[in-house]
Amino acid sequence: MSTKEATAIVPMPVDEIPEPPRPNKKQRRAWDEAPRWQIYLPLGIYLVFTLIPFYWILLFALRPAGSTSLVPWPMTFDHFEKVWTERSFGTYFENSILVGVATLLMTTLVALAGGYALARFDFKVKRAFMLALLCSQFVPGALLLVPLFQIFAELQMINSLGAVIIAETVFQLPLSMILISGFIKNVPYTLEEAAWVDGCNRFTAFRIVVLPLLRPGLIAVGSFAFVHSWNHFLFALMFLSDQGKQTIPVGLNTLMSADSVDLGALAAGGIIAAVPVVIVFAFIQKWLITGFSAGAVKG
């Protein structure tokens with residue numbers, strides 16, 4: 001090879017390589033991103049339709065009875081005091097907290113054990129069992145009322161919060177077990193095998209290695225179990241007859257009668273019912289999004 005040819009194939013220094021021409025602002029907007037108004041306009045319309053009902057509830061809850069003002073002024077908290085003391089919403093609130101927390105714990109623990117079995121073990125009826133879990137999601141909760149009522153009557157659990165907790169747990173388990181199984185499958189099996197080599201048994205390896213990685217998924221499953229049991233009306237209405245054991249959804253129903261509806265008290269009760277759920281989701285939002293991402297992406 002001649003000296004001229006060798007010189008011709010010497011690579012050009014990186015600093016001297018010309019950069020490709022950059023598209024101008026109009027070209028980038030035409031191909032890479034939508035105009036701002038196409039984003040903000042639908043979001044603004046959606047925000048208006050979402051916030052107007054909440055403002056209407058706050059308006060009825062904070063303005064005096066008989067007022068027709070569109071602004072809650074002068075502001076009053078008489079409706080909140082009325083539903084909390086006269087309408088026993090303090091008791092309803094405590095019962096709902098008890099049912100929600102107990103359902104969260106029972107659903108998470110049982111779904112964790114069942115989900116681990118589905119993710120790590122192979123057995124003959126595994127596919128049929130998974131199909132049964134999926135099909136159970138098409139069964140409405142109303143169809144479970146008669147068999148559950150007969151079972152609780154035999155166990156003498158009618159008119160007890162335990163009956164509602166068990167019913168809510170049974171209703172939440174199929175979907176929770178499927179979700180937990182998906183989260184566990186995303187944890188590499190080699191991590192558990194490495195723990196076994198180090199002398200851990202299966203339970204210790206699961207507790208030390210797998211369980212910390214499942215925290216976002218457990219929070220996602222537990223939060224949905226809590227919110228569903230907090231808002232569920234049917235089981236509490238059918239299994240509880242004592243007013244002192246009712247939950248908030250049934251308490252809201254008592255504020256409406258065939259002749260009249262106390263809109264101020266109903267709005268105040270609705271805000272009391274919504275505040276705990278909003279607080280829970282505000283604190284677990286980060287973990288909830290992480291949990292959904294972990295369940296959707298193969299790890």
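For the structure, see preceding data.
In this text, all values refer to a predicted model and were calculated from it rather than measured experimentally.

Some points on a nonpolar patch on the surface
A grouping of Tyr55, Trp56, Leu70, Val71, Trp73, Met75 and Phe77 is seen on the molecular surface, where their side chains present a nonpolar patch of about 820 Å² in accessible area. If you trace the backbone, Leu70 turns up in the loop between α3 (36–62) and α4 (78–86).

A word on the packing of helix α5 (residues 89–120) against helix α11 (residues 215–231)
When two helices pack together, their arrangement is given by the angle between the helix axes and by the axis-to-axis distance. Relative to each other, α5 and α11 sit at 140°, their axes nearing to 8 Å. Considering only the axes of α5 and α11, their crossing is right-handed. The segment α5 lies against α11, with Phe93, Ser96, Ile97, Val99, Gly100, Val101, Thr103, Leu104, Thr107, Thr108 and Leu112 engaging Leu218, Gly222, Ala225, Phe226, Ser229 and Trp230. Considered class by class, the residues forming the contact of α5 with α11 number 10 nonpolar, 7 polar and no charged.

Side note on the nonpolar core
Counting residues in each nonpolar core, the largest one holds 20 residues, and the members touching the most others are Ala61, Phe80, Val83, Phe89, Trp230, Ile248 and Leu252. Those elements that provide at least two residues to this core are α3, α4, α5, α11, α13 (248–254) and α14 (263–296). No other element matches α14, which puts 7 residues into this core. With 16 residues, the next largest nonpolar core counts Ala102, Met157, Leu240 and Val250 among its residues.

Focus: the environment of Leu214
Its place among the elements puts Leu214 in the loop between α10 (202–213) and α11. Judged by relative accessible area, which is 3%, Leu214 ranks as buried.

Observations regarding the side chain of Ser223
Following the sequence through the fold, Ser223 ends up in helix α11. Using a relative accessible area of 4% as the deciding quantity, one classes Ser223 as buried. A polar side-chain atom of Ser223 sits 2.8 Å from the main-chain carbonyl oxygen of Ala220.

A closer look at unusual backbone geometry
Generally, phi is negative for residues other than glycine and the peptide bonds are trans, each holding for most cases. Within the chain, Gln156 stands out as a residue other than glycine whose phi angle is a positive 55°. Position of Gln156 relative to the elements: it lies in the loop between α7 (145–154) and α8 (161–185). Assessed through its relative accessible area of 73%, Gln156 is described here as exposed. Positive phi, normally seen in glycine, also occurs at Asn159, with a value near 65°. As for its placement among the helices and strands, Asn159 is situated in the loop between α7 and α8.

Here is what the cut-offs are and how they apply
Residues numbered from 1 in each chain as written. Predicted model: local features only at pLDDT ≥ 70, side-chain atom pairs only at ≥ 80, totals over all residues. Heavy atoms only, no water. Patch = residues over 30% accessible without salt bridge, like charges linked within 9 Å, V, L, I, M, F, W, Y side chains within 5 Å. Areas by Shrake-Rupley, 256 points an atom, 1.4 Å probe, with all protein chains shown as cover. Salt bridge = Lys/Arg side-chain N within 4 Å of Asp/Glu carboxyl O. Helix = DSSP H or I, 4+ residues; strand = E, 2+ residues; numbered from the N terminus. Axes fitted to C-alpha atoms, helices over the stretch in contact; angles between N-to-C directions. Left-handed = near helix turned anticlockwise from the far one by under 90°. Contact = heavy atoms within 4.5 Å. Nonpolar A, V, L, I, M, F, W, Y, C, P; charged D, E, K, R; others polar. Core = buried A, V, L, I, M, F, W, Y, C linked by side-chain atoms within 4.5 Å. Buried < 20%, exposed > 50% of the residue type's maximum accessible area, 1.4 Å probe, protein only. Polar contact = N/O pair within 3.5 Å; in protein donor to acceptor, adjacent residues only side chain to side chain.

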